[in-house]
Amino acid sequence: MAELKVSSAQQARPFALSWQARAGLVLILVYAVYAATQLGFSWDRFQSGMELGARFLGRLFPPSVERLDVLWKGIAESMEIAVLASMLGILLSLPISLLGARNLMPAWATWPSRAIIALCRSLHPVIVAIIFVKAVGFGALAGVLALTVASIGFIGKLFTEAIEEISLKQVEAVRASGASFANVIIFAVMPQVFARFVGFSTYQLDSNLRNSTMVGIVGAGGIGGTLFSAFQRFDYDFVCTILLTIIGIIMLGEILARVVRAILLDNVTISELFRGRTGPTRDRAPTGDDA
Amino acid sequence: MGASLHIIELVKEYRANQPVLKGINLDITGDGLTAVIGPSGTGKSTLLRCVNRLIEPTRGRILLKDEGNSVDLASIRGQALRKARRRIGMVFQEYNLVERLTVMENLLTGRLGYTTAFNAWRRRFEPSDIQYAYELLETVGLQGFANQRADALSGGQRQRVGIARALMQRPQMLLADEPTSSLDPKTSVEIMELLLELGRAQRIPVIVNIHDVELARRYATRIVGMSGGHIVYDGAPDGMTPDVLKEIYGGESWLS
């Protein structure tokens with residue numbers, strides 16, 4: 001037995017892949033080849049596609065500036081959808097997340113709210129938008145509702161997790177002072193999670209701005225509908241204008257989100273922001289598990 | 001004015017039939033500093049947390065008495081429990097400050113038992129409470145720190161804030177769960193002095209869990225020794241003979 005051990009130890013190569021790992025890699029490769037053959041790709045199609053694409057890109061320029069009123073109407077509606085859906089989503093996900101946090105609430109409260117959040121996350125906003133268009137008819141209301149559902153799903157899940165990660169020592173101390181449950185939430189829970197809540201919310205606003213340009217494709221209001229019909233009428237120069245405007249708005253939204261975060265979280269004033277002073281403004285002592 | 005505490009046959013079982021506290025009887029009256037000593041895991045923290053019900057006792061009674069009023073802390077719930085908690089201040093080993101709030105906000109958490117949720121949310125507190133908070137900050141030697149965030153303070157400063165927060169409740173009794181275990185020796189002495197002085201000034205009883213026998217001897221007016229879930233010594237600090245320490249902690253090599 002001893003001899004056998006020595007010889008096998010000499011032969012063993014460190015870092016060798018197990019046979020299961022090798023078999024797995026081979027399987028993935030085989031599936032990729034199979035999937036490619038199933039979908040009927042060919043080099044000819046790719047080549048002609050490149051030519052068509054080049055012609056399409058050529059027709060995008062110069063962007064048209066003729067129907068700016070139509071453009072503005074759609075863009076304004078998209079932004080209204082995004083802002084309303086974000087507000088509704090943030091307001092609704094706050095209580096739902098609090099109810100869903102297992103370290104604060106009993107099981108009879110966490111299960112229903114976790115189920116709501118999971119349900120809101122399970123479908124893509126466009127599918128939800130189709131459902132709402134069927135329910136409340138064409139127009140912005142369906143878009144607002146669809147994106148509200150998406151916001152609850154996203155903020156709700158992350159915020160619940162953030163609450164479950166708080167330090168219960170701080171909660172214990174506030175409870176010991178005789179504070180009511182509401183006061184414990186306000187003074188011990190919210191300060192620990194507020195920064196992350198603002199972060200999630202601004203990210204969701206950003207995401208809602210993007211999605212609000214899309215729900216219009218299925219008739220739920222906003223610039224998406226205009227974009228879709230411009231595509232169908234081969235108004236590629238107008239398509240270009242719409243796409244450029246959307247890109248501009250998303251970038252503006254990102255800057256806005258950064259300003260909000262800087263003001264709310266790092267206590268930077270607006271004038272400091274414009275002087276280019278961002279980032280942490282003062283050194284803090286190292287802290288234990290809260291660092 | 002201080003209240004008195006009467007613990008009668010207190011039992012706490014975290015698992016059924018495995019009691020950590022095995023029938024504690026303890027009366028604490030007057031305004032002295034009572035030190036509870038004993039080995040780790042013997043239930044000192046459990047005992048203290050049963051008093052303000054951060055931990056649910058299994059059996060027994062805990063009476064909080066002042067001038068004819070008596071309330072059984074072991075059996076009350078909801079509103080009555082929160083009202084009783086307001087009368088008991090607590091200081092923690094790891095300070096347990098709300099890190100992201102300022103020193104002033106941390107102090108005012110001591111008034112949350114008297115504040116509605118709407119006012120707490122708007123940070124609207126009684127002017128007299130805010131005035132008192134500034135006075136307490138000066139008493140614990142932290143004047144000028146009101147607007148600092150708690151996570152910017154050192155350990156000793158944090159524990160001073162912890163003590164001031166407990167006193168903001170204008171408590172009738174002060175509990176301290178190993179308030180010096182995370183601090184250096186010099187700061188530990190300062191914290192013990194603060195607890196003793198402030199307890200005397202407010203004329204309230206102070207109960208301190210402590211690992212450091214020397215500190216307990218130096219500052220306590222009474223020492224309670226616990227071992228294996230029982231109280232094995234209860235008396236004056238100068239009665240802490242090597243024999244008593246042996247009974248509390250077991251072994252003897254550490255004593256020489």
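One structure accompanies this document, and this report is about it.

What counts, and at which threshold
- Residues numbered from 1 in each chain as written.
- Chains lettered and ligands numbered in written order.
- Predicted model: local features only at pLDDT ≥ 70, side-chain atom pairs only at ≥ 80, totals over all residues.
- Contact = placed C-beta atoms within 7 Å.
- Helix = DSSP H or I, 4+ residues; strand = E, 2+ residues; numbered from the N terminus.
- Pairing = 2+ DSSP bridges.
- Axes fitted to C-alpha atoms, helices over the stretch in contact; angles between N-to-C directions.
- Core = buried A, V, L, I, M, F, W, Y, C linked by C-beta atoms within 7 Å.
- Buried ≥ 20, exposed ≤ 12 C-beta atoms within 10 Å, placed from the backbone.
- Expected span 1.5 Å × (residues − 1).
- Arc of directions from axis to C-beta.
- Left-handed = near helix turned anticlockwise from the far one by under 90°.
- Nonpolar A, V, L, I, M, F, W, Y, C, P; charged D, E, K, R; others polar.

Contacts between chain B and chain A engage 27 residues on the former and 22 residues on the latter. By residue number, the principal contributor to the side of chain B that touches chain A is helix α2 (residues 78-86) of chain B, which donates four residues.

Take the environment of R175 of chain A next. One can find R175 of chain A in helix α8 (residues 168-176). In the structure, R175 of chain A is positioned 139 residues away from A36 of chain A in sequence and 61 Å away in space, judged by C-alpha atoms. Among residues more than four places away in sequence, those in contact with R175 of chain A are V184 of chain A together with L54 of chain B.

Residues and elements named next belong to chain B. Read from one edge to the other, the open sheet built from six strands follows the order β6-β7-β8-β3-β9-β10, with strand pairing classed as mixed. Taken across any chain shown, the strands that pair with only one partner, and hence form the sheet edges, are β6 (88-91) and β10 (230-235). Neighbouring strand axes in the sheet, compared pairwise and without regard to direction, differ in orientation by 20° on average. Here β6 pairs with strand β7 (residues 173-177) via four bridges, running parallel. Bridging from a neighbouring strand, I88 pairs with M173 of β7. Docked against the sheet, helix α9 (residues 242-249) engages β3 (33-37), β9 (222-227) and β10, running at close to 155° with respect to β10.

All names here are of chain B. With antiparallel pairing, four strands are arranged side by side in an open sheet as β2-β1-β4-β5. Strands at the two margins of the open sheet, each flanked by one partner only, are β2 (18-28) and β5 (69-72). Adjacent strand axes in the sheet meet at a mean angle of 20° when their direction is disregarded. The pairing of strand β1 (residues 4-15) with β2 spans eight bridges and is antiparallel. When the sheet's bridge partners are listed, V11 is paired in β2 with K22.

In a soluble, globular protein the nonpolar side chains are often hidden away together inside. The biggest cluster of nonpolar side chains holds 112 residues, and the ones touching the most others in it are A146 of chain A together with L195 of chain B. At 13 residues, the largest contribution of residues to this core is made by helix α7 (residues 140-164) of chain A. Formed by nine residues, the second largest nonpolar core is a distinct cluster that contains I75, L227, F238 and V239 of chain A.

Once that is clear, we can look at helix α5 (residues 107-122) of chain A. Residues and elements named next belong to chain A. With 16 residues, α5 should reach 22 Å at 1.5 Å per residue; the first-to-last C-alpha distance of 22 Å fits that figure. For α5, every residue scored as buried is listed here: S113, I117 and C120. The arc that holds the buried residues of α5, viewed along the axis, is 60°, so those residues lie on one side. Along α5, the residues that are exposed and aim more than 90 degrees away from the buried face are A107, W108, A115, L119 and S122. The elements touched by buried residues of α5 are α4 (68-100) and α7.

A few words now on the pairing of strand β4 (residues 59-66) of chain B. Residues and elements named next belong to chain B. Sheet analysis places β1 next to β4, joined by six bridges and oriented antiparallel. If you follow L5 over to β4, its bridge partner there is L64. For β4 and β5, the ladder comprises four bridges, and the chain directions are antiparallel. Its bridge partner lying in β5, L64 is registered against V71.

A few words now on unusual backbone geometry. Residue P62 of chain A follows F61 of chain A across a cis peptide bond; omega there is -5°. Inspection of the secondary structure assignment puts P62 of chain A in the loop between α3 (43-60) and α4. In this structure, Y95 of chain B takes a positive phi of about 65° despite not being glycine. Note on placement: Y95 of chain B falls in the loop between β6 and α3 (103-108). Of the residues examined, Y95 of chain B has 27 C-beta atoms within 10 Å and is grouped as buried. Look at N96 of chain B: it is not a glycine, yet its phi comes out positive at around 50°. Among the secondary structure elements, N96 of chain B is positioned in the loop between β6 and α3.

Now for helix α10 (residues 223-232) of chain A. Residue and element names in this part refer to chain A. Among all positions of α10, only I223, G224, G225, T226, L227 and A230 are buried. Tucked inside the fold, the buried residues of α10 contact α4 and α11 (236-265). With its phi angle positive at about 60°, F234 sits one or two positions after the end of α10.

Residue and element names in this part refer to chain B. The geometry of helix α5 (residues 127-139) relative to helix α6 (residues 155-168) is characterised by a closest axis approach of 10 Å and an angle of 145° between their N-to-C directions. For the element pair α5 and α6, the recorded crossing hand is right-handed. Contacts between α5 and α6 involve Y132, A133, L136 and L137 from the first element and A164, L167 and M168 from the second. Of the residues that constitute the contact of α5 with α6, the class distribution is seven nonpolar, no polar and no charged.

Everything listed here is a matter of geometry and, on its own, says nothing about what the molecule does.
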